[in-house]
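Okay, here's what each chain looks like letter by letter:
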Amino acid sequence: MIEYDEIEQRMVLKLVYYGPAMSGKTTNLLRLHDILAIEGRGDLMTLDTKDDRTIFFDLLPFFFTAPGGLKIKVKVYTVPGQVRHDATRKAVLTRADGIAFIADSQISESANNVESFENLEKNLAFVGIDIEKIPLIIQFNKRDLKDIISEDEIHRAWESTGIPVFMASALYGQGVLETFRRLVALTYDYIDIRHSLKEKHMLTKEMFVDNLARLSADLAEQ
Amino acid sequence: MEQMDRIDFSLGADMGLKDILSAPDVLPLLKAMVEAGADLAAVTDDKGKFLWSEGNIPDNRELPSTVMEAITKRDHKNLETLSRVNWRLSAIYHEAEPIGFFFVSAPEALNEQFLSNLMDTAFTGLNIIIRNIVKRVFTTELHTTVVKRSYEELLEINKNLTASEKKYKELAETLEQRVIERTEELKRAYTRLLQQEKMASIGKLAAGVAHEINNPMGFIYSNLNTFWKYIKNIDEMLRFYSQESGHRSRESEELRKKLKIDFIINDIHGLIKQSVDGAERIKNIVVNLKDFSHIDEATDSEMSINEEMDNTIGVLSHEIKNRSAEIAKQYGQVAGFYGNPGLICQAFLNILLNALHSRDDNIIVTIKTEQHGDNAVISIADNGKGIPSEIQSRIFEPFFTTKDVGKGIGMGLTVTYDIISRYGGNIEVKSEPEKGATFVITLPLNGKRETGNGFYE
């Protein structure tokens, strides 16, 4: 799925924040935009929204050059969560290299989480991506709210799948960076196997993660 | 659907400045800057080469040499610090990647603060233009992708719907016909069962009767022989008396004549011979009946086609005699056939019966058996009126009969056909009007056994 141009020494990666409507996908990107260093990070591009709901997608781009000269662009997208925008979700999901599934912790939203995850499985199959292979993590967002599903229950439900699970409160910036760093790290492993990032481009996992998920200077000092 | 052409959806991948901007987007801005007092305003690519420019354009159409050197060294970080008193430089970013430069220079006389303000204002404007164009491109791309995909999905759905609609329409149209066909099938199956049931009952009855007749016939036959011996003794005694002339008296002679003893002695021989013949015939009929019904052989076994044909003819001997028919047998060497002899006889019987009724007198039925490769070929030909060509294709149909109502139910040849099919064989008929009919049965002698589903299990 990776777009890689050996002659131009360019690689474009696509990470997708998936999940049910209003689970906080855009909020995750907004917080990342706020806390990550400006260097190598682009502006968050929000295509038209309606009543706080994403209609098309949001895009947070990153760009850096590996020591070996490979130019790497990482585009982090959100998809619209509403059921009716399935065609857009499929389009955004095409050629994805990593996925963060943002679930809503509220008990009342459990059914929507399940439905959205099934939709993810279906759409991945549709665009020809093997869910068993693509880097995938899950974030249970909105831990700050009441009437939420317990952590124990979440771990019990997801432990057997081996998918990393994170707790977050994106609105307050909690768990957002951890989620992103893990997604980026998993994506590195996924790409390194086929493109020898370390061997050929002298790009280690630490460098990769740090280039993408580097806290802005004033936050880093705290 | 899954195999639908996958649209390559890589939003705004690798868009350079020239992909994003066009002259009408940029030139008015650059022109306005020159009009505001700038000496040169330019937008360059990421290598520092001018893409669009206004004002005093240098011949080499590139950024000042110090900047060009820094670009070559990839010293992007320090590029913006290269700005000089009379010029300003800003890198243009797209998706966090530097894709070009915005450059403005002014005559030395121009206020430096004014130059900075001019630069900031114009650069902000340029970025807004770029941003909006990129947004528009993304939206358009996404819209096109989604519309195309939705359209293809709709086409696919429409295709499937049309196909299923057609299917149901056809189904509805043929439903009535199929109900009729199925009903016919059921009716036929039911009748076959009835027929089979009937044949089995008749077979059992015949076997039972045959057994019951066999015992009394045994002693009748034996007694007749004994009786004949006794009569011979009595006859001899009487002859002795009549030859002894001395003992002859008028009285005894008169009595002898009165009692027609001479006639009786002569006739008794004929009577007993006739009775013995009759008894023998009864015995044969019983044997044939027993063989035909095969009451002891419910399952398949090895049999001789020729023997079974003889058994069948035996059962029909009364019919044959009644109609003064002639049976010409031309039996060849045929290997043993594996099957249910009762069924095979049944199959032959139905054809023979039809042959015996193929005309009113001078009936000749020619039965030929031979082996062709692995097949037994049995042909039964009559010299009857023949089967009209228009009904030849129907004679194996259940209930098809040319006999008057009540004389036949039209199951005979159907049963024959079923039995032959069951053993993987086939049956054909050749006939011309007034030239008789020939039924040719082919039965595989090995290989296929028990094909069709047996109504005759």
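Before reading further, recall that the structure is shown in the block above.
Residues numbered from 1 in each chain as written. Chains lettered and ligands numbered in written order. Predicted model: local features only at pLDDT ≥ 70, side-chain atom pairs only at ≥ 80, totals over all residues.

Describing the overall build of chain A
- A count of helical and extended segments in chain A gives eight helices and ten strands.
- Counting every position in chain A, which comprises 222 residues, the buried fraction comes to 45%. (Helix = DSSP H or I, 4+ residues; strand = E, 2+ residues; numbered from the N terminus. Buried ≥ 20, exposed ≤ 12 C-beta atoms within 10 Å, placed from the backbone.)

Quick word on the overall build of chain B
- A count of helices and strands for chain B gives eleven helices and eleven strands.
- Counting all 457 residues of chain B, 25% fall into the buried class.
- For chain B, restricting intrachain contacts to residue pairs at least 6 apart in sequence, the fraction spanning at least 24 positions comes to 67%. (Contact = placed C-beta atoms within 7 Å.)

Concerning the interface of chain A and chain B
- Residue-level contacts link 23 residues of chain A with 18 residues of chain B.
- Of all the secondary-structure elements, those providing two or more residues to the side of chain A that touches chain B are β2 (10-18), β6 (58-65), β7 (71-78) and α2 (86-93) of chain A.
- For the side of chain A that touches chain B, the element with the highest residue contribution is α2 of chain A, accounting for four residues.
- Tallied by class, the residues present in the side of chain A that touches chain B amount to eleven nonpolar, five polar and seven charged. (Nonpolar A, V, L, I, M, F, W, Y, C, P; charged D, E, K, R; others polar.)

Focus: the environment of Ile234 of chain B
- Counting through the fold element by element, Ile234 of chain B comes out in helix α4 (residues 112-243).
- Along the primary structure Ile234 of chain B and Ile265 of chain B are separated by 31 residues, whereas in three dimensions their C-alpha atoms are 9.3 Å apart.

Digging into the nonpolar core
- If you look at the biggest cluster of nonpolar residues, it comprises 59 residues, and the most contacted ones within it are Val16, Tyr17, Tyr77, Phe101 and Val184 of chain A.
- When sequence neighbours within four positions are dropped, the list of residues in contact with Tyr77 of chain A reads Lys14, Val16, Tyr17, Phe57, Asp58, Leu59 and Val92 of chain A.
- Counting residues in hydrophobic clusters, the runner-up holds 37 residues, among them Val315, Ala355, Ile380 and Ala437 of chain B. (Core = buried A, V, L, I, M, F, W, Y, C linked by C-beta atoms within 7 Å.)

A look at the pairing of strand β10 (residues 426-431) of chain B
All names here are of chain B.
- Where β10 and strand β11 (residues 437-444) come together, six bridges link them in antiparallel fashion. Residue pairing across strands places Val429 opposite Phe439, the latter belonging to β11.
- The antiparallel hairpin formed by β10 and β11 contains five residues in its connecting segment, where Glu434 sits at a positive phi of about 65°. (Pairing = 2+ DSSP bridges.)

Overview of helix α3 (residues 65-72) of chain B
All names here are of chain B.
- Among the residues making up α3, those that are buried are Val67, Ala70 and Ile71. Down the axis of α3, the sector holding all buried residues measures 100°, keeping them to one side. Exposed residues lying more than 90 degrees from the buried face of α3 are Ser65, Thr66 and Thr72.
- With its phi angle positive at about 60°, Arg74 sits one or two positions after the end of α3. (Arc of directions from axis to C-beta.)

Some words on the sheet that holds strand β6 (residues 326-331) of chain B
Residues and elements named next belong to chain B.
- On the basis of which strands lie adjacent, the open sheet formed by five strands has the order β6-β8-β9-β11-β10 and mixed pairing. The sheet terminates laterally at β6 and β10, the two strands that pair on one side only. Between one strand axis and the next, the sheet turns by 15° as a mean value, whatever way the strands run.
- Running over the sheet, helix α11 (residues 412-422) touches β10 and β11 and is turned about 135° from β10. (Axes fitted to C-alpha atoms, helices over the stretch in contact; angles between N-to-C directions.)

Considerations on the sheet that holds strand β3 (residues 87-94) of chain B
Residues and elements named next belong to chain B.
- Pairing is antiparallel across the open sheet formed by four strands, whose spatial order is β2-β1-β4-β3. Two strands lie at the open edges of the sheet, namely β2 (50-55) and β3, each paired on one side alone. With strand direction ignored, the average angle separating the axes of adjacent strands in the sheet is 15°.
- Together, β1 (40-45), β2 and β4 (97-105) form the strand contacts of helix α2 (residues 23-35), whose direction differs from that of β2 by roughly 35°.

Let's talk about unusual backbone geometry
Residue and element names in this part refer to chain A.
- One non-glycine residue, Met22, lies in the positive phi region at around 60°.
- Within the secondary structure, Met22 sits in the loop between β2 and α1 (25-35).
- The class for Met22 is partly exposed, based on 19 C-beta atoms found within 10 Å.
- Of note in the backbone geometry, Ser196 takes a positive phi value of approximately 40° without being a glycine.

Quick look at the environment of Val429 of chain B
Residues and elements named next belong to chain B.
- Tracing the sequence through the fold places Val429 in strand β10.
- You can call Val429 partly exposed: it has 16 C-beta atoms within 10 Å.
- Aside from chain neighbours lying at most four places away, what touches Val429 is Ile387, Gln392, Ile395, Ala437 and Phe439.

Structural notes on the packing of helix α9 (residues 341-356) of chain B against α11 of chain B
All names here are of chain B.
- Between α9 and α11, the least distance of the axes is 9 Å, while the angle of their chain directions is 145°. Here α9 runs over α11; the crossing is left-handed. Touching Leu343, Ile344, Gln346, Ala347, Asn350, Ile351, Leu353 and Asn354 of α9 are Gly412, Leu413, Val415, Thr416, Ile419 and Ile420, all from α11.
- The class makeup of the residues in the contact of α9 with α11 is nine nonpolar, five polar and no charged. (Left-handed = near helix turned anticlockwise from the far one by under 90°.)

Here we look at helix α3 (residues 110-126) of chain A
All names here are of chain A.
- In this model, α3 (17 residues) spans 24 Å end to end at C-alpha, consistent with the 24 Å of a helix rising 1.5 Å per residue.
- Along α3, the positions that sit buried rather than exposed are Asn113, Ser116, Leu120, Asn123 and Leu124. Projection of α3 onto a plane perpendicular to its axis shows the buried side chains occupying an angular sector of 100°, all on one side. Turned more than 90 degrees away from the buried face of α3 sit Ala111, Val114, Glu115, Glu118, Glu121 and Ala125, all of them exposed.
- Check the buried side of α3 and you find it contacts β2, α2 and β8 (98-104).
- Count one or two residues on from α3 and you reach Gly128, which has phi positive near 80°. (Expected span 1.5 Å × (residues − 1).)

Things to note about the pairing of β8 of chain A
All names here are of chain A.
- With seven of seven residues buried, β8 lies mostly within the body of the structure.
- Covered by surrounding structure in β8 are Gly98, Ala100, Ile102 and Asp104 together with Ile99, Phe101 and Ala103, the residues of both alternating faces.
- As paired strands, β2 and β8 are joined by four bridges and run parallel to one another. Considered in β8, the bridge of Val16 is made with Ile99.

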